[in-house]
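Analysis of the macromolecular model
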Amino acid sequence: MKMRRWPWLAWWMALLGAVVSSAHATACPAPSGKQVIHVQGHPFSAIPSPDGCWLFVSSNRTKTSEVIVLHNAGGVFAMDHAVTLPARAYGAALSPDGKTLVVAGGAKTSVLDVEQLEQRSGHAVRGVLDDGRHAGAVYVAISPDGRHVLVADEWAARIDMFDLGKLTATASELAPMGRIRTTPSPVGLAITTDGHWLYATTENGLPGMPAICHAERGPDRGHADGLLLRIDLRRALAHPAYASVGAALPAGCNPVRVALSPHDHHLWVTERGSGTLMMVDASSWLQHATQTNISGYFVGDSPVGVVVHPDGHEVWVALSARFATHIKGGLFGLTTPAAGRPMKQYRLDLAGFPRDVTFLPDGHCLVATLYNARQVLLVPTP
């Protein structure tokens with residue numbers, strides 16, 4: 001497929017003239033053009049509030065970690081304040097009702113009250129979820145009912161399950177209600193809208209799988225494909241002592257993120273080691289384990305973050321270029337088969353390790369964290 005690279009001026013003229021249907025009613029207008037917000041520390045995830053008025057950015061400095069709170073005033077985001085966390089700050093997620101923010105942090109996952117965050121009350125941190133000293137908790141997901149938190153423990157090869165209903169003023173630190181063993185290095189998590197299925201990526205496959213992937217850095221020792229896991233989340237939460245992986249698909253070299261399309265029809269997986277975006281037909285996987293429909297699209301150097309547009313017609317990827325010294329990263333977008341029109345591809349080159357990407361609630365504007373550049377970028381889509 002031919003990539004469409006737009007000249008800089010034409011790119012931005014098209015952005016300003018684009019009309020994209022809104023999937024959410026928002027209280028604050030989205031930016032009409034590109035914005036760059038410089039932050040202290042290295043931003044990992046940026047999570048918008050449902051009304052589009054706030055951005056919550058997980059960020060790490062040398063000795064401290066925090067949630068940086070950006071406020072939207074008339075379509076312009078700016079630094080409002082920051083809240084120090086009791087642990088590190090990696091992947092973050094917002095509960096469906098917009099009231100709770102969780103931030104994975106290595107040994108512990110921080111739980112924050114969004115209303116307190118917005119009001120600068122000084123009491124935003126409700127408590128922590130104890131993942132364990134050597135867990136390497138890196139990414140999180142929240143169940144559709146807002147009650148349960150799933151945490152990917154990259155170093156410990158497991159997914160922890162927590163019951164937020166048990167977090168109280170007198171019980172502000174929770175142990176897992178159960179753990180799901182995985183292959184090494186689980187990272188990305190996605191839950192279907194009905195809460196039935198949990199999908200997870202692991203960077204390494206099963207023992208005995210052929211070592212067909214090259215090392216991304218260091219000595220060139222081959223390793224196996226990673227996996228896309230499917231877990232019956234309803235069963236796991238009902239019987240946590242017996243929670244386990246139900247099915248797995250080879251997912252290319254170093255799969256690190258997974259996103260679901262609206263109505264859960266397709267899964268999109270970034271394969272960081274092979275520069276590929278994989279699309280899995282979720283329905284065919286559920287119905288025909290040996291005949292799953294899978295497509296792959298080469299997108300660029302070391303893709304990490306991935307997000308699907310609220311209408312399902314576009315998917316965007318953060319090209320991190322994290323192991324390259326002479327290649328810029330960027331944002332890469334393509335129209336999906338669901339769009340019902342010829343595929344288009346777009347790319348915006350960016351330096352500074354683009355790590356995560358999401359949409360503002362209105363669906364007009366992408367938000368990307370530039371980890372090494374210490375920036376949060378907002379850019380309307382073409």
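What counts as what
- Residues numbered from 1 in each chain as written.
- Predicted model: local features only at pLDDT ≥ 70, side-chain atom pairs only at ≥ 80, totals over all residues.
- Heavy atoms only, no water.
- Pairing = 2+ DSSP bridges.
- Helix = DSSP H or I, 4+ residues; strand = E, 2+ residues; numbered from the N terminus.
- Contact = heavy atoms within 4.5 Å.
- pLDDT = per-residue confidence, 0-100.
- Disulfide = S-S within 2.5 Å.
- Buried < 20%, exposed > 50% of the residue type's maximum accessible area, 1.4 Å probe, protein only.
- Phe/Tyr/Trp six-rings, centres within 6.5 Å; stacked < 30°, edge-to-face > 60°.
- Lys NZ or Arg CZ within 6 Å of the ring centre and 35° of its normal.
- Core = buried A, V, L, I, M, F, W, Y, C linked by side-chain atoms within 4.5 Å.
- Axes fitted to C-alpha atoms, helices over the stretch in contact; angles between N-to-C directions.
- Salt bridge = Lys/Arg side-chain N within 4 Å of Asp/Glu carboxyl O.

**Notes on the sheet that holds strand β13 (residues 173-174)**
With mixed pairing, the five strands of this open sheet are ordered in space as β6-β7-β8-β9-β13. Of all the strands in the sheet, just β6 (92-94) and β13 have a single pairing partner and so form its edges. Here strand β7 (residues 100-105) pairs with strand β8 (residues 108-113) via six bridges, running antiparallel. Residue pairing for β8: T100 is matched across the bridge by D113.

**Some thoughts on the side chain of N254**
Inspection of the secondary structure puts N254 in the loop between β18 (247-250) and β19 (255-260). Among residues more than four places away in sequence, those in contact with N254 are E203, E216, H223, T270, E271, R272 and G273.

**Points about the confidence of the model for the protein**
Mean pLDDT over the protein works out to 91, with 93% of the residues at or above the 70 mark. Low pLDDT, under 50, characterises residues 1-24; the predicted model gives this stretch 46 contacts beyond four residues in sequence or across chains.

**Some points on the state of the cysteines**
All chains considered together, the criterion is met by two disulfides. Each sulfur of the disulfide joining C28 and C53 lies 2.0 Å from the other. What sets the handedness of the C28 and C53 disulfide is the S-S torsion sign, and at about 95° it is right-handed. Of this pair, C28 sits in the loop between α1 (8-17) and β1 (35-38) while C53 sits in the loop between β2 (42-48) and β3 (54-60); the two residues are 25 residues apart in sequence, bridging distant segments of the chain. For the pair C28 and C53, a shared accessibility class is recorded, and that class is buried. Here C213 connects covalently by a disulfide to C253, the sulfurs 2.1 Å from one another.

**A look at the packing of aromatic side chains**
Going through the model one piece at a time under the given rule, you end up with five aromatic pairs. With a centroid separation of 5.8 Å and 35° between ring planes, the pair formed by Y199 and W285 is classed as tilted. Of this pair, Y199 sits in strand β16 (residues 197-202) while W285 sits in helix α4 (residues 282-287), and the two are 86 residues apart along the sequence. Here the two residues Y199 and W285 agree in accessibility, since each one is buried. Over the face of the ring belonging to W285 we find R230, whose NZ or CZ atom lies 4.7 Å from the ring centre.

**Describing the environment of A135**
Inspection of the secondary structure puts A135 in the loop between β9 (125-130) and β10 (137-142). For A135, a relative accessible area of 0% puts it in the buried group. A sequence separation of 16 residues divides A135 from V151, and the C-alpha atoms of the two residues are 9.8 Å apart. In contact with A135, other than residues within four places in its own chain, are G106, D153, E154, W155, A156 and R158.

**Quick notes on the environment of G296**
In this structure, G296 sits in strand β22 (residues 294-298). For G296, a relative accessible area of 53% translates into the label exposed. For the pair G296 and T276, spaced 20 residues apart in sequence, the C-alpha to C-alpha distance is 6.4 Å. In this structure, G296 is in contact with T276, L277 and M278, ignoring residues within four places of it in sequence.

**Considerations on the nonpolar core**
Grouped together as the largest cluster of nonpolar side chains are 23 residues, with contacts concentrated most on L150, I159, M161, I180, L189 and L198. Going through the elements one at a time, β10, β11 (148-153), β12 (158-163), β15 (186-191), β16, β17 (227-232) and α3 (233-238) are the ones with two or more residues in this core. In contact with L150, other than residues within four places in its own chain, are Y139, V140, A141, I159, D160, M161, L189, I191, L198 and L233.

**Describing the sheet that holds strand β4 (residues 65-73)**
In spatial order, the strands read β2-β3-β4-β5; together these four strands make up an open sheet with antiparallel pairing. Two strands close off the open sheet at either side, each with one partner strand: β2 and β5 (76-84). Taking each pair of neighbouring strands and ignoring which way they run, the sheet shows an average axis angle of 25°. Where β3 and β4 come together, seven bridges link them in antiparallel fashion. Paired with F56 across the two strands is V69, which belongs to β4.

**Some thoughts on unusual backbone geometry**
Positioned with a positive phi, D264 is a non-glycine residue whose angle comes to about 65°. Within the fold, D264 resides in the loop between β19 and β20 (266-271). Residue D264 is classed as buried on the basis of its relative accessible area of 15%.

**Some remarks on the pattern of salt bridges**
Scanning the entire structure with this criterion turns up 14 salt bridges. For R158, the salt bridge is made with D160, and the minimal N-O distance between the two is 3.3 Å. With a relative accessible area of 0%, D160 lands in the buried category. The residue D160 makes a salt bridge to R179 at a minimum N-O spacing of 2.8 Å. Of the two residues, D160 sits in strand β12 while R179 sits in strand β14 (residues 178-181), which places them 19 residues apart along the sequence. A single network of salt bridges, built from pairs that share partners, joins D153, R158, D160 and R179.

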